[in-house]
Amino acid sequence: MATLAPASLEFTRLPHPAPLALDARTAALADPGFGKLFSDHMVTIEWTEGRGWHDAVVGPLAPLPLHPAAAVLHYAQEIFEGLKAYRLADGTMALFRPEANAARFNSSAKRLAMPELPEDLFVEACRQIVAVDGDWFPDIEGGSLYLRPFMIATEAFLGVRPAKSYKFIVIASPAGNYFKSGAPAVSIWVSQYTRAAPGGTGAAKCGGNYAASLVPQAEAMAKGHDQVVFLDAAEHRWIEELGGMNLYFVFDDGTLLTPALTGTILPGITRDSLLTLAREEGLTVREDRYSIDQWRADAASGRLLETFACGTAAVVTPVGKVTDPVEGPFTIGSGGPGQLTQKLRQKLVSIQRGEAEDRHGWVMRLG
Ligand SMILES: *Cc1c(COP(=O)(O)O)cnc(C)c1O
């Protein structure tokens, strides 16, 4: 469990010799989109067997020198995280629950037979990238600096076993509002593929899960839908989650339901935060199983008012329509964004941006 890392590692700063010029950066930040623009620097920390974590560097963002036999390229020993840095009203940069990302990163690491990173080192690496590239925060409506911490197996070895060397990296990508004018309701396709099986890697945030979701996602899009929803692998009946977002169901008796974390569902930090916020609102929140047949029946009877998906990137996304390849489509509520969906989204976003009271100590100020 415990890694050999010292409680605090000194970060060596190697400033970029030629950062992007101010006018070019300003132009790029006016419409950053999502995941296509990157700041000037990256943080890297090395791990080798016997030595643990060492050589923490904040240096220029650059391609990685990687041996073609590096284990990550063959056996997909890779995990990642995603969190956003915000600029609060007083100009201070802040992170939202980074220690929750650090803890989840380590549970992913365990499942993928990778070394754990001390949580304070994970958070410090995030602080370091924001400290050096905070000016890459896009000062636009709904803008954020999206941080992508990840770890890869770097050892050059083709045998199948856990690698003996790893690299932890944090890169930063300015992001605009995922949805320009609030979140429109999406149409989702019930996949006959499965995302995760009991005992598999569904609860780990690893690249491999995403690789396996690309064909189902492409199929959903080819059929005219925005997203894919996965059912459980054993009975193909219980609703799990979307390719990268958790689900919530809102009922007419004031209750909320989200699929329980059975080991095949990724434990989202947005999911967890909304659980707390909904309870504060006086709603009853249940974590339980919910079947595709019940979903359809409840939508038809009017008992189900809303469904939404949640995750860091888009925060909260209303689901308007669901299409099952066997039984056909059904509509949720009016087919548009629901009231509670909007309210919870607003609540969470205003805490993240420092506009509402942070009663749970979720916002970590970096100033
Ligand atoms: C990251 C992720 C989520 C959402 O997690 P957040 O912490 O809320 O961003 C949900 N499902 C999957 C499969 C994910 O990879």
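What counts and what doesn't
- The residue numbering used here restarts from 1 in each chain and proceeds along that chain's sequence as written.
- Restriction of local features to residues with pLDDT of at least 70 applies here, the model being predicted, together with a cutoff of 80 or more for giving and counting side-chain atom pairs; totals for whole chains, interfaces and linings are based on all residues.
- To get the side-chain values, all heavy atoms of the structure are used, and hydrogens and water are removed first.
- Think of it this way: any DSSP run of H or I at least four residues long counts as a helix, any run of E at least two long counts as a strand, and we number them from the N terminus.
- The globule rule is 2.2 Å times the number of residues to the power 0.38, and the radius of gyration it is compared with is taken over C-alpha atoms.
- Only protein chains enter the accessibility calculation, which uses a 1.4 Å probe; a residue whose area is less than 20% of its type maximum is buried, one above 50% is exposed, and one in between is partly exposed.
- In this analysis, two residues are considered to be in contact whenever any of their non-hydrogen atoms come within 4.5 Å of each other.
- UniProt positions are given in the numbering used here, feature names are shortened, and annotations may be inferred rather than shown by experiment.
- For two strands to pair, DSSP has to find at least two bridges joining them.
- By salt bridge we mean one thing: a side-chain nitrogen of Lys or Arg within 4 Å of a carboxyl oxygen of Asp or Glu.
- By definition here, a helix of n residues has an expected span of 1.5 Å times n minus one.

1. With respect to the overall build of the protein
Here is step 1 of the chain: Along its length, the protein carries 8 helices and 18 strands.
Here is step 2 of the chain: Taking 2.2 N^0.38 as the reference for a compact globule, 367 residues should give roughly 21 Å; the C-alpha atoms of the protein span a radius of gyration of 21 Å, in line with that estimate.
Here is step 3 of the chain: When its C-alpha atoms are laid out on the principal axes, the protein stretches across 60 × 50 × 35 Å.
Here is step 4 of the chain: Out of the 367 residues belonging to the protein, those deemed buried represent 53%.
Here is step 5 of the chain: For the protein, the proportion of contacts with a sequence separation of at least 24, taken over those separated by at least 6, is 72%.

2. A few points about the UniProt feature "modified residue: N6-(pyridoxal phosphate)lysine" (unreviewed entry) in the protein
Here is step 1 of the chain: What UniProt calls "modified residue: N6-(pyridoxal phosphate)lysine" (unreviewed entry) maps, in this numbering, to K205.
Here is step 2 of the chain: Along the chain, K205 turns up in the loop between strand 9 (186–190) and helix 5 (207–222).
Here is step 3 of the chain: Taking relative accessible area as the criterion, K205 reaches 12% and is therefore assigned buried.
Here is step 4 of the chain: In this structure K205 touches I79, F80, E81, G82, R104, S108, Y210 and L266, once residues within four positions along its chain are discounted.

3. As for the pairing of strand 8 (residues 165–175)
Here is step 1 of the chain: Among the 11 residues that make up strand 8, 11 are buried, leaving the element largely enclosed by the rest of the structure.
Here is step 2 of the chain: What you see with strand 8 is no split at all: S165, K167, I169, I171, S173 and A175 on one side and Y166, F168, V170, A172 and P174 on the other are buried throughout.
Here is step 3 of the chain: The sheet contact formed by strand 2 (residues 41–48) and strand 8 spans 6 bridges and is antiparallel. Bridged to I45 within strand 8 is F168.
Here is step 4 of the chain: Sheet topology note: the strand 7 (residues 144–153)/strand 8 ladder contains 10 bridges and is antiparallel. Looking across to strand 8, one finds that P149 is bridged to V170.

4. Quick word on the pattern of salt bridges
Here is step 1 of the chain: Applying the stated criterion across every chain yields a total of 16 salt bridges.
Here is step 2 of the chain: One salt bridge connects K167 with E46, and the closest N-O pair in it is separated by 2.6 Å. Of this pair, K167 sits in strand 8 while E46 sits in strand 2; the two residues are 121 residues apart in sequence, bridging distant segments of the chain.
Here is step 3 of the chain: Accessibility expressed as a relative area gives 14% for K167, which makes it buried.
Here is step 4 of the chain: The class for E46 is buried, based on a relative accessible area of 19%.
Here is step 5 of the chain: The shortest N-O distance in the salt bridge between D272 and R97 comes to 3.0 Å. With D272 in helix 6 (residues 269–280) and R97 in the loop between strand 6 (93–96) and helix 3 (98–111), this residue pair connects regions lying 175 residues apart in the sequence.
Here is step 6 of the chain: Given the relative accessible area of 30%, D272 is considered partly exposed.

5. Some details on helix 6
Here is step 1 of the chain: Counted at 1.5 Å a residue, the expected span for helix 6 with its 12 residues is 16 Å, and the 17 Å between its end C-alpha atoms agrees.
Here is step 2 of the chain: Note on helix 6: the residue one or two positions beyond its end, G282, has a positive phi of about 90°.

6. Considering unusual backbone geometry
A negative phi angle characterises most non-glycine residues, just as the trans form characterises most peptide bonds.
Here is step 1 of the chain: Despite not being glycine, D55 shows a phi value in the positive range, around 55°.
Here is step 2 of the chain: In this structure, D55 sits in strand 3 (residues 52–60).
Here is step 3 of the chain: In this structure, A113 is a non-glycine residue whose phi angle is positive, near 55°.
Here is step 4 of the chain: Relative to the elements of secondary structure, A113 occurs in the loop between helix 3 and helix 4 (119–133).

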